[in-house]
Amino acid sequence: MSASLGSVRQWHWISAALCLAGMLLFAITGITLNHAADIPASLEVITVEARVPQPMLKQWLAQNPQPQRLSPPLRAWLANRHDISMGKDLEGEWDDPELYLSMAGPGQDAWLALDTQSGEFLYEKTDRGWVAYFNDLHKGRDSGAVWRWFIDIFAAACVVFCVTGLILLWRQSSNRLTTWPLTTLGMLIPLMIMLIFIH
């Protein structure tokens, strides 16, 4: 019995340690998301209108008549000349003669529209600030596959934390008479709010 209880305690503190940073992040961003309308937004918009050099444009189109990705030299030119960076695997939408690239990320939206005939392009980036960045991480919005995997693994660790905590409550409930009234109250409060106040 004591060995089994020790194992539950071990899983409980391990899951607590793994969940600590993530739980704080998701709890705090839960508050900021709930009060998003009350938090002033700090928008920063960057717009770039320019033209791709014709030799670079022709070389790229010669290799890709209906391109969905920018060539490495073109990406490097955009990054060095206009501070526009994007992933090498980023695919756009081809609508002859325009290529549209969406580059949204946590806390920001960005896009580039390139006329493949003239070489003219329009780029716009909107940065919504740090609060929006962490709120988007909470929702998993435009945060990539690695972050989505982290959220799933974190959620599983939270389940382990809660279940082992419940087992420990049950094992020690005889010494604490308020254990089950408080546990029941913790379950009833959100249930009653959902049934009574959410329509």
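Keep in mind that this is a model prediction, so the values were computed, not measured.

Caption draft 1: Structural detail: the overall build of the chain. Tallying secondary structure elements over the chain gives six helices and five strands in all. Helices and strands in the chain line up, N terminus first, as α-β-α-α-β-β-β-β-α-α-α. In terms of principal-axis extent, the alpha carbons of the chain reach across some 80 × 40 × 25 Å. In the chain, buried positions account for 28% of the 199 residues. Relative to all contacts within the chain whose residues are 6 or more apart in sequence, the contacts with residues 24 or more apart total 56%. Roughly 13,400 Å² of accessible area belongs to the chain as shown, and the carbon and sulfur atoms make up 63% of that amount. Across the chain, 14 positive and 18 negative side-chain charges occur, with their mean positions spaced 13 Å apart.

Caption draft 2: Expanded view of a nonpolar patch on the surface. Taken together, Leu182, Leu185, Leu188, Ile189, Leu191, Met192, Ile193, Met194, Leu195, Ile196, Phe197 and Ile198 make up a surface patch of nonpolar side chains, about 1,200 Å² in accessible area. Here Ile196 is to be found in helix H6 (residues 179-197).

Caption draft 3: Expanded view of the nonpolar core. Counting residues in hydrophobic clusters, the biggest one holds 18 residues, and the most contacted among them are Leu70, Leu78, Ile84, Leu112, Leu114, Phe121 and Tyr123. Of all elements in the fold, only helix H2 (54-63), helix H3 (72-82), strand S3 (98-102), strand S4 (108-115) and strand S5 (120-127) reach the threshold of two or more residues within this core. What Ile84 contacts, discounting residues up to four positions off in sequence, is Val48, Arg75, Leu78, Ala79, Leu112, Phe121 and Tyr123. Within the second largest apolar cluster, eight residues are counted, among which are Phe26, Trp147, Ile151 and Ala157.

Caption draft 4: Representation of the layout of surface pockets in the model. As a volume, the largest pocket reaches approximately 220 Å³. If you trace the largest pocket, you find 14 residues lining it, with Ala41, Arg128, Val131, Ala132 and Asn135 closest to the centre. Each pocket or cavity is described by its volume, and for the second largest pocket that value is around 170 Å³. Residue lining of the second largest pocket: Ile46, Val48, His82, Asp83, Ile84, Ser85, Met86, Met103, Gln108, Ala110, Tyr123 and Lys125, and that is the complete set.

Caption draft 5: Inspection of the packing of aromatic side chains at higher detail. Tallied over the full model, the rule gives eight aromatic pairs. Aromatic pair Trp77 and Phe121: ring centres 6.3 Å apart, planes at 85°, arrangement edge-to-face. You can see Trp77 sitting in helix H3 and its partner Phe121 sitting in strand S5, a full 44 residues away along the chain. As far as the burial class goes, Trp77 and Phe121 line up, both buried. For the ring pair Tyr133 and Phe134, a centre distance of 5.2 Å and an interplane angle of 85° mean the geometry is edge-to-face. Taking the relative accessible area as the measure of exposure, Phe134 reaches 34% and is therefore partly exposed.

Caption draft 6: Representation of helix H4 (residues 130-139) within the structure. Those residues of H4 not exposed but buried are Ala132, Asn135, Asp136 and Leu137. The first or second residue beyond H4 is Gly140, which carries a positive phi of 75°.

Conventions and cut-offs
Residues numbered from 1 in each chain as written. Predicted model: local features only at pLDDT ≥ 70, side-chain atom pairs only at ≥ 80, totals over all residues. Heavy atoms only, no water. Helix = DSSP H or I, 4+ residues; strand = E, 2+ residues; numbered from the N terminus. Buried < 20%, exposed > 50% of the residue type's maximum accessible area, 1.4 Å probe, protein only. Contact = heavy atoms within 4.5 Å. Areas by Shrake-Rupley, 256 points an atom, 1.4 Å probe, with all protein chains shown as cover. Lys, Arg positive; Asp, Glu negative; His and termini not counted. Charge placed at Lys NZ, Arg CZ, Asp CG, Glu CD. Patch = residues over 30% accessible without salt bridge, like charges linked within 9 Å, V, L, I, M, F, W, Y side chains within 5 Å. Salt bridge = Lys/Arg side-chain N within 4 Å of Asp/Glu carboxyl O. Core = buried A, V, L, I, M, F, W, Y, C linked by side-chain atoms within 4.5 Å. 1 Å grid on protein atoms, 1.4 Å probe; cavity = no way out; pocket = protein on both sides within 12 Å on 5 of 7 lines; lining within 4 Å. Points joined across faces, edges and corners; volume = space filled by probe spheres on them. Phe/Tyr/Trp six-rings, centres within 6.5 Å; stacked < 30°, edge-to-face > 60°.

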